[in-house]
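Analysis of the macromolecular model
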2 protein chains.
Amino acid sequence: MPYFYWHLTLEPCMKFEAITIKDIAKALGLSTSTVSRAMRDSYEISAETKQRVLEYAKEFNYRPNPIALSLKEKRSRSIGVIVCEIANSFFSQAINGIESVAYNKGYNVIISQSHESYEREVLDLQFLASRSIDGLLISVSTETKNIEHLQKLHNKGLPIVFFDRIVSDIHTHKVIVDNFTGSYNATKHLIEKGYKRIANLTNAEGLFITQDRVLGYKKALKDAGLLVNEQLIKYCDHGGLIQAEVDAAMNDLLSHKNKPDAIFATADKLTTGCLQYFKKNKITVPKDIGLLGFSNSDLTELLNPALTIVKQPAFEMGEKAMQLLMQIIESKRPVKEFETVTLNTDLIVRDSTNCNSNKKLLKK
Amino acid sequence: MPYFYWHLTLEPCMKFEAITIKDIAKALGLSTSTVSRAMRDSYEISAETKQRVLEYAKEFNYRPNPIALSLKEKRSRSIGVIVCEIANSFFSQAINGIESVAYNKGYNVIISQSHESYEREVLDLQFLASRSIDGLLISVSTETKNIEHLQKLHNKGLPIVFFDRIVSDIHTHKVIVDNFTGSYNATKHLIEKGYKRIANLTNAEGLFITQDRVLGYKKALKDAGLLVNEQLIKYCDHGGLIQAEVDAAMNDLLSHKNKPDAIFATADKLTTGCLQYFKKNKITVPKDIGLLGFSNSDLTELLNPALTIVKQPAFEMGEKAMQLLMQIIESKRPVKEFETVTLNTDLIVRDSTNCNSNKKLLKK
DNA sequence: TTGTATGCGTTATCAG
DNA sequence: CTGATAACGCATACAA
């Protein structure tokens, strides 16, 4: 039962119109240029005129029209952000980091989600480019293999900074975590807990971060004298966005003749997807199987208090990426030296007990 | 150890410059107006000229400069969204709904977070207004009591649609859920499970939704012949954004001489905050105490499989709010009839067993 | 059918 | 110290 009101506006089509420099000029009997200069506290303007202009401006709450400014300055003071999903702790935290820097710099942040679709990512980028953003922060989708869309804009001079899911073929600033070491330490931790057949549930194979994470995992196994079994590495093409994908991977792993005794999940959605699968199939952690996963959600701790996780400095990554982007945008000359900033992950250990009761899975 | 690259750009200061209508005109020996009209497929232009222009435009990937368009049309084709936090399932889902509509309409969405701070909300709004947004979608912060900042812009003609945390004194479209019925049914459910002393952990007292939710809770108690005890209603001024606040409320409730046997938490963050508290204090649900909460997180199910929740149609709320906003923006004449759309919540029942073992809490 | 002129709000350049 | 003018990219009323 909707209820109705009469709008306060009396005049028809009275639009939300702000006061302009012209209005001030007219009201004060000055020229627009004088007002403009007074506003910018130019040395050429008399103290008295400045006073008058500033007062009037304050009274009528004058704000320069950013669109007119953009047209003139050829910059929109807005940057685009493309991530797969904002409903993902890692990315929403990263966005917070981006936002905090942007806010201080007076920049707008326009967020787009690719929903792990390459097609959507291309559309998003088109959209953002057509909105004349001054720069782009992107963590590519799992599907993204062809990077022509990014390359083209980058060549045209659009400042781009990659974070997390970087691509190697575009030369610009990048912000990642030390995925190799993070995965190495995580895997090592599982090994030290007594697990012998550790499966790796990981992201799309094409992603740079996936490759790095898998390398860390393999190295840890090798260093511990354990065999690497490619069949225990499961790549999820949609990064766990679709639960069915995780279910399929897990079914595959657990129906293997030599079932794994632990799972190492290397993404937020994969870790929770895994837990979801376990719940559905009444598998408990760590009684039935070991689990260690990447996670940035505050809830993982609640999900399973005995779950050791790899936490990424998401906020800091966002901050750093945005800082680097601002650096490119604000530099007068084209930037020629690009850096890849590597931050460290945190291994938050919560599983105090050792692996003990996995025999039934192992023996079967 | 950052590594360095040389940028591909050779010429100094080569800026990311797009092709303009002027360039096309010059190249084709036409005037800008002819090109402009050809682009908009005007009837005045000869088929041949159109052909030439369109081909050239396609070849050089011409895109009209949205900023110039904005300046001319006095609309930026971007709308502002203010929520407390995007790292909150309810809001990120709502944003997805908003985004889906915006995308189809060719609109930009600029997201700002108030982080439950009134001051920040005012700043966000100033920022957005200064970016000349065409409309605003807002769910106010818990701190927001004074709505002058919104009122002023609304009076100036800025289209605003409220969703979820609406304010009553501004006459415009609003989208909410039926909080009263949602809370009523949830409380009723707890009562039917056998709980007798149901506490209500709820949001800031000033919020409209809080009041509605409390009313539903009270009505259910009364209808069941149970007494309403104001001491069992705990208002959280920051909506659970700060865990300490939840902890304090829970400590208070549980140190009461007549401890509650169940908690009804009426917000995403309050529900998870509650679970966090329980975990810290080794209280299990529903063995030690009953719990039912509002939640939109996919993880709640995992958190406690026996947890019945109230789920809000967040995506649909976002969609609907954006549709209403577009309606205002696109209407030629000022909108005079405003509706308050009310959607229904879902009670997702998961606690199959009845209340049974709460005696120790009750008896103490 | 096409071209010219104007304006959107601002600032920079140049001329008083 | 201040004012007139042009320019940013586009659309459109008006002129041809």
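Residues numbered from 1 in each chain as written. Chains lettered and ligands numbered in written order. Predicted model: local features only at pLDDT ≥ 70, side-chain atom pairs only at ≥ 80, totals over all residues.

Notes on unusual backbone geometry
Negative phi is the rule for most residues except glycine; trans is the rule for most peptide bonds. All names here are of chain A. Put simply, Val285 and Pro286 share a cis peptide bond, and its omega is 0 degrees. The residue Pro286 is located in the loop between α11 (268-280) and β9 (290-294) in this model. With a phi close to 55 degrees, Asp41 is a non-glycine residue in the positive phi region. In this structure, Asp41 sits in the loop between α2 (32-39) and α3 (47-59). Positive phi is not limited to glycine here, since Ser132 has a value of about 45 degrees. Along the chain, Ser132 turns up in the loop between α6 (118-130) and β3 (135-138). (Helix = DSSP H or I, 4+ residues; strand = E, 2+ residues; numbered from the N terminus.)

Quick word on the environment of A:Thr144
All names here are of chain A. Here Thr144 is to be found in the loop between β3 and α7 (148-156). For Thr144, a count of 23 C-beta atoms within 10 Å corresponds to the buried category. As a C-alpha pair, Thr144 and Asn258 span 114 residues in sequence and 33 Å in three-dimensional space. With residues near it in sequence (within four places) discarded, Thr144 still touches Tyr118 and Glu121. (Buried ≥ 20, exposed ≤ 12 C-beta atoms within 10 Å, placed from the backbone. Contact = placed C-beta atoms within 7 Å.)

Details of the sheet that holds strand β12 (residues 346-348) of chain A
Residues and elements named next belong to chain A. Read across the sheet, six strands follow the order β7-β6-β8-β9-β10-β12 without closing on themselves; strand pairing throughout is mixed. What marks the edges here is a single partner per strand, and that holds for β7 (233-235) and β12. Pairwise comparison of adjacent strand axes, ignoring direction, gives a mean angle of 15 degrees for this sheet. Sheet topology places strand β8 (residues 262-265) next to β9; four bridges connect them, and they run parallel. Bridge pairing links Phe264 to Leu292 in β9. Here helix α9 (residues 208-223) sits on the sheet in contact with β6 (198-202), β7 and β8, set at roughly 175 degrees to β6. Its contacts with the sheet place α11 against β6, β8 and β9, and it is angled at close to 150 degrees to β9. (Pairing = 2+ DSSP bridges. Axes fitted to C-alpha atoms, helices over the stretch in contact; angles between N-to-C directions.)

Regarding the protein's contact with DNA strand C
Lining the immediate environment of DNA strand C, one finds 25 residues, of which A:Ile21, A:Asn65, A:Ala68, B:Ser33 and B:Glu44 sit closest. Of all the secondary structure elements, the ones that give two or more residues to the surface near DNA strand C are α1 (21-28), α2 and α4 (66-73) of chain A together with α2 (32-39) and α4 (66-73) of chain B. For the surface near DNA strand C, the class distribution of residues is nine nonpolar, eleven polar and five charged. (Near = placed C-beta within 6 Å. Nonpolar A, V, L, I, M, F, W, Y, C, P; charged D, E, K, R; others polar.)

Some details on the protein's contact with DNA strand D
Among the 25 residues in the neighbourhood of DNA strand D, the closest are listed as A:Ser33, A:Thr34, A:Glu44, B:Thr20 and B:Ser33. Elements supplying a minimum of two residues to the surface near DNA strand D: α2 and α4 of chain A together with α1 (21-28), α2 and α4 of chain B. Among the elements that take part in the surface near DNA strand D, α2(B) stands out by supplying five residues, more than any other. The residue inventory of the surface near DNA strand D, partitioned by class, reads nine nonpolar, eleven polar and five charged.

Describing the sheet that holds strand β12 (residues 346-348) of chain B
Residue and element names in this part refer to chain B. One open sheet holds the six strands; their spatial order is β7-β6-β8-β9-β10-β12, and the pairing between them is mixed. Of all strands in the sheet, those bounded by a partner on one side alone are β7 (233-235) and β12. Pairs of neighbouring strands in the sheet enclose a mean axial angle of 15 degrees, with direction left out of account. One ladder, built from three bridges, connects strand β6 (residues 198-202) with β7; its direction is parallel. Its bridge partner being in β7, Leu201 is matched across the sheet by Lys234.

Focus on the packing of α1(B) against α2(B)
Helix packing geometry: the angle between the two helix axes and the distance between the axes. Residue and element names in this part refer to chain B. Closest axis-to-axis distance for the α1/α2 pair is 8 Å, and the angle between their directions is 110 degrees. Classified by the angle between their axes, α1 and α2 sit roughly perpendicular to one another. When α1 is examined against α2, the residues Ile21, Lys22, Ile24 and Ala25 are found in contact with a partner set consisting of Thr32, Val35 and Ser36. A breakdown of the residues in the contact of α1 with α2 according to their chemical character gives four nonpolar, two polar and one charged. (Parallel < 35°, antiparallel > 145°, perpendicular 65-115°, else oblique.)

Focus: the nonpolar core
The nonpolar side chains of a soluble globular protein tend to be buried, and buried together. Among the nonpolar cores identified, the biggest contains 164 residues, and A:Leu137, A:Phe264 and B:Leu137 are the most heavily contacted of them. Ignoring any residue separated from it by four or fewer positions in sequence, one finds A:Phe264 in contact with A:Ala186, A:Thr187, A:Leu190, A:Ile198, A:Ala199, A:Asn200, A:Leu201, A:Tyr217 and A:Leu292. (Core = buried A, V, L, I, M, F, W, Y, C linked by C-beta atoms within 7 Å.)

Observations regarding the environment of B:Ser70
Looking at the element boundaries, B:Ser70 is found in helix α4. In the structure, B:Ser70 is positioned 209 residues away from B:Lys279 in sequence and 53 Å away in space, judged by C-alpha atoms. Sequence-distant contacts of B:Ser70, defined by excluding residues within four places in its chain, comprise A:Ile67, B:Arg75, B:Ser76 and B:Arg77.

Brief notes about helix α8 (residues 179-192) of chain A
Residue and element names in this part refer to chain A. Across its 14 residues, α8 extends 20 Å between first and last C-alpha, which sits within 8% of the 20 Å expected from 1.5 Å per residue. Turning to α8, its buried residues number three or more, namely Asn179, Gly182, Ser183, Tyr184, Ala186, Thr187 and Leu190. Directly after α8, the chain includes Gly194, whose backbone phi takes a positive value near 105 degrees. (Expected span 1.5 Å × (residues − 1).)

Some remarks on the pairing of strand β5 (residues 174-177) of chain B
Residues and elements named next belong to chain B. The alternating pattern of β5 places Lys174 and Ile176 and Val175 and Val177 on opposite faces, both of which are buried. As judged from the two bridges shared by strand β4 (residues 160-163) and β5, these two strands associate in the parallel manner. Directly across from Phe162, in β5, lies its bridge partner Lys174. As judged from the four bridges shared by β5 and strand β11 (residues 340-343), these two strands associate in the parallel manner. Among the inter-strand pairings, Val177 is bridged to a residue of β11, identified as Leu343.

Comments concerning the pairing of strand β3 (residues 135-138) of chain B
Residues and elements named next belong to chain B. Residues Gly135 and Leu137 of β3 are buried on one face, and the alternating residues Leu136 and Ile138, pointing to the opposite face, are buried as well. Where strand β1 (residues 78-83) meets β3, four bridges bridge the pair, whose relative direction is parallel. Bridging across to β3, Ile79 finds its partner in Gly135. Examined bridge by bridge, β3 and β4 share three bridges and lie parallel to one another.

Describing α2(A)
Residue and element names in this part refer to chain A. Those residues of α2 that fall on the buried side of the exposure criterion are Thr34, Val35 and Ala38. End-on view of α2: buried residues confined to an arc of 100 degrees, all on one side of the axis. Buried positions along α2 lie against α1 and α3. Looking one or two residues beyond α2, the residue adopting positive phi is Asp41, at roughly 55 degrees. (Arc of directions from axis to C-beta.)

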